[in-house]
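Residue-level structure breakdown
These are the residues of each chain, in order.
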Amino acid sequence: MSYDSESPTPARRRLRGNLVIATAALVPTALAGWLVWQAMGGSGGQDDKPPRVLPLPSGPSVAPSGNGRQPTVTVTATPSPDTSPAASPSTQSARPTGPLAGRVVVIDPGHNPSNFKHAADINRQVDIGTNKKECDTTGTDTQGGYTEAAFTLDVSHRIRALLEKLGATVTYTQDNDRPFGPCVDERAAIGNKAKADAVVSVHADGAAEGQHGFHVILPALVNAGKANTAPIVGPSRELGERIAGKFVHATGMPPSNYVGDGTGLDVRKDLGGLNLSTVPKVFIECGNMRDSGDAALLTSADWRQKAAQGITDGISSFLQK
């Protein structure tokens, strides 16, 4: 029998059949290897690109074909975890926690460090209910030149840090972030607008040498013009009493020997910041800057931290009563 040159001989047909069977047996294995290689970031010859790093597959699953042929192989990659912002707790805004969470405190650092540059502005008269008074003053200083404005800001920053650790929301009336002021009527308005649970105005006095100690100033009962302190006189006194007690304990500073008859408390009706307040508010004169003994304490960073702690403890005690 003659065979066309393009037709295989029987031996060649048998050889080709064997090769087809062998190739068919190798295809699934090669396919599985190729799929794994692709999942691992195979570049298909694109060596100039960095390999992609994908999750390792969970392993091949073999499903019988039911037709006598070699089984097909599928590779299932392990899904990557959801890393979207919504799934990550660390991206969610944390709410304040602590015993004062949800409470609002306004700290009023007495005097602005730049007031002295704006004499005309701070001498402007404003209505405080009972009468009119200058917008603000420059404050006092020690014999060595340490200003009351610097002292009040330093202590106020320390108070804020302590209160925020307890979960309170703290607002300032000023943080040396404006040319002068604010005026005393605006200081009161800031606390009122914030609907503060407590407002404390931080000061240091400028009395004569030999007059020493701290005192807390409370609002008097005033009902004149824009001023009506009737709703706040009671809670303000309680706030002041608690601050006075905690301040003595934290600092060792005695009550004033020249104001308050040794109680550390003084009631006044000539301060716009108190007259115009609609929320509990007090002033604290932490000591006398013009007395050498008090000045040595007021200029000490360690003592200022104690002062901040005493004021914070008083505020916290009042808000948790």
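Residues numbered from 1 in each chain as written. Predicted model: local features only at pLDDT ≥ 70, side-chain atom pairs only at ≥ 80, totals over all residues. Heavy atoms only, no water.

Right, let's talk about the overall build of the chain for a bit. Within the chain one finds eight helices and twelve strands. Burial statistics for the chain: of 321 residues in total, 38% are counted as buried. Pairs at least 24 apart in sequence give 77% of the contacts found in the chain among residues at least 6 apart. (Helix = DSSP H or I, 4+ residues; strand = E, 2+ residues; numbered from the N terminus. Buried < 20%, exposed > 50% of the residue type's maximum accessible area, 1.4 Å probe, protein only. Contact = heavy atoms within 4.5 Å.)

Relative orientation of the contacting elements helix α3 (residues 148-165) and helix α8 (residues 301-319) amounts to 55 degrees, with a least axis distance of 8 Å. Comparing their axes, α8 and α3 come out oblique. Of the two possible hands of crossing, α3 and α8 adopt the one that is right-handed. Together, Phe151, Asp154, Val155, Arg158, Ile159, Leu162 and Leu163 of α3 and Ala301, Trp303, Arg304, Gln305, Ala308, Gln309, Ile311, Thr312 and Ile315 of α8 make up the contact between the two elements. Across the contact of α3 with α8, the residue classes break down as ten nonpolar, three polar and three charged. (Axes fitted to C-alpha atoms, helices over the stretch in contact; angles between N-to-C directions. Parallel < 35°, antiparallel > 145°, perpendicular 65-115°, else oblique. Left-handed = near helix turned anticlockwise from the far one by under 90°. Nonpolar A, V, L, I, M, F, W, Y, C, P; charged D, E, K, R; others polar.)

As a further point, take the layout of surface pockets. Space inside the largest pocket adds up to approximately 430 Å³. His111, Thr137, His203, Leu271 and Phe283 are the residues nearest the centre of the largest pocket, which is lined by 25 residues in total. With four residues, the single largest contributor to the lining of the largest pocket is strand β7 (residues 198-205). Classifying every residue of the lining of the largest pocket by side-chain character gives five nonpolar, ten polar and ten charged. (1 Å grid on protein atoms, 1.4 Å probe; cavity = no way out; pocket = protein on both sides within 12 Å on 5 of 7 lines; lining within 4 Å. Points joined across faces, edges and corners; volume = space filled by probe spheres on them.)

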